[in-house]
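As a plain string of letters, each chain reads:
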Amino acid sequence: MSVFAWIETAAGEAVSSSWEALSAAAILAKSLDTDTAAIVFGANCDALARRASQLGATRVIACPDEALAEDRLDAYSALLSQLVEKHEPEAVVSAATNRGRELLASAAADSESGLISEVIDLRVEHGSIIGTRPAYAGKVLMEMTSNSATTFVTVRGRSFAAPTPRAAAKPEIERVKADGIPKDPPVKIDDFVAELGQVNLADAAIIVSGGRGMANNPQAAPAGLSGNDASIWKAKHGFANTLRPLAEVLGAAIGASRAAVDAGYIPYKHQVGQTGKTVNPDLYIACGISGAIQHQAGMRGSKIIVAINKDAEAPIFKLARYGIVGDLYEVVPALTQALEEKLR
Amino acid sequence: MHAVTFTRSTPDTAARVWVDEDGAVTWGDVATVVNPWDEYSLEETIAQSKSGGGESTVIAIGSALHNDALKHSLAMGIDKALRLEEAGADMKDSLVWSAMAAGAIRKLGDVDLIIFGKESVDVGTDQHAYQLARRLGWTMLSYVSRIVYADYSERRIQVERAVEQGKQTVSAALPAVISVLKEINEPRYPNFLGIRRAAKAEIPVWSAADMNVALPRAGTTALRFLNPPAREISTEILAGADVNATASALAQRLFEEKVL
Ligand SMILES: Cc1cc2nc3c(=O)[nH]c(=O)nc-3n(C[C@H](O)[C@H](O)[C@H](O)COP(=O)(O)OP(=O)(O)OC[C@H]3O[C@@H](n4cnc5c(N)ncnc54)[C@H](O)[C@@H]3O)c2cc1C
Ligand SMILES: Nc1ncnc2c1ncn2[C@@H]1O[C@H](COP(=O)(O)O)[C@@H](O)[C@H]1O
């Protein structure tokens, strides 16, 4: 008995949303009157174990096998399934990251257990775990429970507060060996290009987003560019020279509408919306975005929405707490300056 | 060579979706569309089966509601469609779902590559592909943004994956399960001939018994659906003497909201 929280790592460091998963696990453990066990795999287990116990884990189960490369979904799944079989935890919780989704779905299949994914709220009623998750792009909420001894749960980013550190007792660490897991990786990594220094949209507390309106940059495109090419140039420069400075002052991530992505103004990984990322920052500033329903689907959970749009009738204003009707190429630089003065 | 893809019908993304008095999810009489993420997996399945000199099959699991998505797939150019349905089973549950899906893949027998969309735009669980791969014991390659090569005689595939920390190029043996992102291709539109062919197609339905599958108990139960609490938003439009005054007013409000 226990509630497991899998602590995901990237290059040996814990992924920050894993600590939110640990918080969620601790909430369940408290209601179920059991302990919270952090599960850590791979190199650097000792440091992770210490951190996990500072952040609320009552114990740690570690497999410090150096051969457990972070990309080994097969090995991680086999190992997690062994631990589930041995300890029969009441729940296994992870962040709903790419790897968290894969790992928990795979291990849940191994033990024929229920998985409640993308949970934003958890509670226990009559001993059953009930997870609330958004469906239909957040237009509807659903409450789910599992029918199995172990309930697998992935939690959506920024839905559970990260735990506050406490002085840790010496963590009780159970070390396990990576026995009986596949030896040869079925997947060969041929190349990896890291993308560093970017604020991840899902974790961002503030997001500044640009839409099709970014193309109306008053700065003239270089001679020789016309039509579509000129629009792309203008929009790209707008993202780099007008939106990015605002994002930098705020420590924000940069988002975009699908129209901006499809037109080639900015790569797809910035897209917010039903076929992009779902985000729920404290502050979302939409610049030159009309607020189509598919865009709203990805950002309506933001705490405070600000709209900057030259069309007073744009639907985005209906969602916004604050709006400015005006040209973003005038408003955004003025806002950047005003914030710079205040934040200095 | 045989490429298989899975798809489903989802309400149009522009539809209003709500929970009615009986607690059921409804979108009125708005039409369903093929799950938008699956346009890319359908396109890739067609492209791979053509370049591999093989055939393509699309499978939906669930009620006849999904026939629309299957017909769209056929109209795009997928060779065969199949629907799996088991009366009385909770086919939305991913354990039941993946047991049925694995049964179909085993019955087909000759499948080299299974291609999924990134997620269902409606329920968005992003777990079906992983559980199917796990049940089959096949390699899972998720979030594929490009297939570098797929060699069906050497039985190897190399792909680029967009992972959270960057871009990974990986290779693995076939058979494999992949899920694809929108960067991977430009989906084609169904043409007139395709639409005519699809309209006439009879779609076979396989039950669990047809596939010789013993279905597991559903892993989860949906207890209830709720309309999200209405957000009380009072919008304040800021307008100062000039743009600098307006911007300062906004900056001031953001401080007061304590979001900075
Ligand atoms: C299946 C499907 C999935 C979709 N998924 C998504 C998704 O994930 N994300 C998404 O965003 N969309 C999505 N869409 C597209 C969506 O329907 C809209 O087309 C898109 O969101 C519009 O983007 P936009 O607001 O940037 O462009 P527009 O609607 O063209 O709006 C541009 C806005 O900029 C304003 N503007 C122009 N110039 C300026 C200026 N100089 N200063 C200030 N304002 C200015 C205009 O007034 C206008 O309101 C999807 C659509 C479908 C069918
Ligand atoms: N009922 C279904 N029938 C067939 N394919 C499905 C079904 N539900 C989901 N899929 C496929 O699984 C992918 C991932 O869905 P999901 O795990 O629900 O996010 C989708 O893009 C589809 O390709």
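Residues numbered from 1 in each chain as written. Chains lettered and ligands numbered in written order. Predicted model: local features only at pLDDT ≥ 70, side-chain atom pairs only at ≥ 80, totals over all residues. Heavy atoms only, no water.

Novice: Would you explain the environment of B:Leu193 in this entry?
Specialist: Mapped onto the elements, B:Leu193 comes out in helix 5 (residues 192–200). Measuring from C-alpha to C-alpha, the distance between B:Leu193 and B:Ser179 comes to 29 Å, with 14 residues separating the pair along the chain. (Helix = DSSP H or I, 4+ residues; strand = E, 2+ residues; numbered from the N terminus.)

Novice: What is the right way to read the interface of chain B and chain A from this model?
Specialist: In many analyses, interface size is given as the accessible surface area lost on bringing the parts together. Residue-level contacts link 80 residues of chain B with 86 residues of chain A. Between chain B and chain A the total buried area reaches about 7100 Å² when both faces are included, carbon and sulfur atoms providing 56% of it. It is B:Arg134, B:Glu164 and B:Gln165 that lose the most area in chain B upon contact with chain A, and together they represent 9% of the buried surface on that side. For the pair chain B and chain A, the interface holds eight salt bridges. B:Asp126 is the partner of A:Arg101 in a salt bridge, and the nearest nitrogen-oxygen pair spans 2.4 Å. Our count for the contact surface shared by chain B and chain A stands at 43 residue pairs in polar contact (both at pLDDT 80 or more). Going through the elements one at a time, strand 3 (18–19), helix 4 (128–136), strand 9 (139–151), strand 10 (156–163), strand 11 (166–173), strand 14 (220–226), strand 15 (236–237) and helix 7 (243–256) of chain B are the ones with two or more residues in the side of chain B that touches chain A. Take the side of chain B that touches chain A: its biggest share by element is eleven residues, from helix 7 of chain B. Here the side of chain B that touches chain A is composed, by residue class, of 41 nonpolar, 22 polar and 17 charged. (Contact = heavy atoms within 4.5 Å. Buried area = accessible area lost by both parts, 1.4 Å probe. Salt bridge = Lys/Arg side-chain N within 4 Å of Asp/Glu carboxyl O. Polar contact = N/O pair within 3.5 Å; in protein donor to acceptor, adjacent residues only side chain to side chain. Nonpolar A, V, L, I, M, F, W, Y, C, P; charged D, E, K, R; others polar.)

Novice: So what exactly am I meant to see when it comes to a nonpolar patch on the surface here?
Specialist: Together, A:Leu343, B:Phe255 and B:Leu260 make up an exposed nonpolar region whose accessible area comes to about 220 Å². You can see A:Leu343 is positioned in helix 9 (residues 328–343). By relative accessible area, which is 39% here, A:Leu343 ends up partly exposed. (Patch = residues over 30% accessible without salt bridge, like charges linked within 9 Å, V, L, I, M, F, W, Y side chains within 5 Å. Areas by Shrake-Rupley, 256 points an atom, 1.4 Å probe, with all protein chains shown as cover. Buried < 20%, exposed > 50% of the residue type's maximum accessible area, 1.4 Å probe, protein only.)

Novice: Help me understand the packing of helix 5 (residues 227–250) of chain A against helix 9 of chain A in this model?
Specialist: Between two packed helices, both the angle of their axes relative to each other and the distance between the axes serve to describe the pair. Residue and element names in this part refer to chain A. Running from amino to carboxyl end, helix 5 crosses helix 9 at an angle of 20 degrees, the nearest separation of the two axes being 8 Å. What the angle tells us is that helix 5 and helix 9 run roughly parallel. The handedness of the crossing between helix 5 and helix 9 is left-handed. Here helix 5 contributes Lys-234, Gly-238, Thr-242, Leu-243, Pro-245, Leu-246, Val-249 and Leu-250 to the contact with helix 9, which in turn contributes Tyr-329, Val-332, Pro-333, Leu-335, Thr-336, Leu-339, Glu-340 and Leu-343. Among the residues making up the contact of helix 5 with helix 9, the classes are represented as eleven nonpolar, three polar and two charged. (Axes fitted to C-alpha atoms, helices over the stretch in contact; angles between N-to-C directions. Parallel < 35°, antiparallel > 145°, perpendicular 65-115°, else oblique. Left-handed = near helix turned anticlockwise from the far one by under 90°.)

Novice: How should the site of ligand 2 be read in this particular structure?
Specialist: Residue and element names in this part refer to chain B. Close contacts around ligand 2 come from 18 residues, with Thr-7, Asp-38, Ser-120, Asp-126 and His-128 the closest. Phe-6 places a main-chain nitrogen or oxygen 2.7 Å from an oxygen atom of ligand 2. At 3.1 Å, a backbone N or O of Thr-7 approaches a nitrogen atom of ligand 2. Contact with the protein chains hides 98% of the accessible area of ligand 2, taken as 480 Å² for the molecule alone. By residue number, the principal contributor to the shell around ligand 2 is strand 6 (residues 55–61), which donates three residues. Considered class by class, the residues forming the shell around ligand 2 number six nonpolar, eight polar and four charged. (Near = heavy atom within 4 Å.)

Novice: Any chance you could explain the sheet that holds strand 11 (residues 151–155) of chain A here in plain terms?
Specialist: Two modes of strand pairing occur in sheets, parallel and antiparallel, and in both the strands are linked by backbone hydrogen bonds. All names here are of chain A. Overall, parallel pairing links the seven strands, which are arranged 7-11-6-1-4-5-12 in an open sheet. Sheet topology places strand 7 (114–119) and strand 12 (172–175) at the edges, where each strand pairs with a single neighbour. Neighbour to neighbour, the strand axes of the sheet diverge by 25 degrees on average, direction disregarded. As judged from the four bridges shared by strand 1 (residues 3–6) and strand 4 (residues 36–41), these two strands associate in the parallel manner. By the bridge assignment, Trp-6 is partnered in strand 4 with Ile-39. (Pairing = 2+ DSSP bridges.)

Novice: What is the right way to look at the site of ligand 1 in this model?
Specialist: Close to ligand 1 lie 27 residues; A:Arg212, A:Asn216, A:Ser257, A:Ser290 and A:Gln294 are nearest. Each of chains A and B places residues near ligand 1. Between ligand 1 and A:Thr275, the relevant distance is 2.7 Å, taken from a nitrogen atom to a side-chain nitrogen or oxygen of the residue. Separating a nitrogen atom of ligand 1 from a backbone N or O atom of A:Lys310 is a distance of 3.2 Å. Coverage of ligand 1 by the protein amounts to 81% of the 990 Å² it exposes when considered alone. At the level of elements, helix 6 (258–262) and helix 7 (293–299) of chain A are the ones that each hand at least two residues to the shell around ligand 1. Across the shell around ligand 1, the residue classes tally to six nonpolar, 16 polar and five charged.

Novice: How should I be thinking about the environment of B:Ser153 in this particular structure?
Specialist: Residue and element names in this part refer to chain B. By the secondary structure assignment, Ser-153 is in the loop between strand 9 and strand 10. Owing to a relative accessible area of 68%, Ser-153 belongs among the exposed residues under this scheme. Spatially, the C-alpha atom of Ser-153 lies 9.0 Å from that of Gly-52, the residues being 101 residues apart in sequence. Looking at Ser-153, its side chain comes within polar contact range of the side chain of Asp-151, at 3.0 Å.

Novice: It is not clear to me how the packing of aromatic side chains should be interpreted in this structure. Could you clarify?
Specialist: Pairs of aromatic rings are described using the distance from one ring centre to the other and the angle between the two planes. Residue and element names in this part refer to chain B. Summed over all chains, the structure comprises six aromatic pairs over all chains. Centroid distance Phe-6 to Trp-97: 5.2 Å. Interplanar angle 55 degrees. Geometry classified as tilted. Taken together, the residues span a long stretch of sequence, with Phe-6 in strand 1 (residues 2–6) and Trp-97 in helix 3 (residues 94–108) at a distance of 91 residues. With a relative accessible area of 4%, Phe-6 lands in the buried category. (Phe/Tyr/Trp six-rings, centres within 6.5 Å; stacked < 30°, edge-to-face > 60°.)

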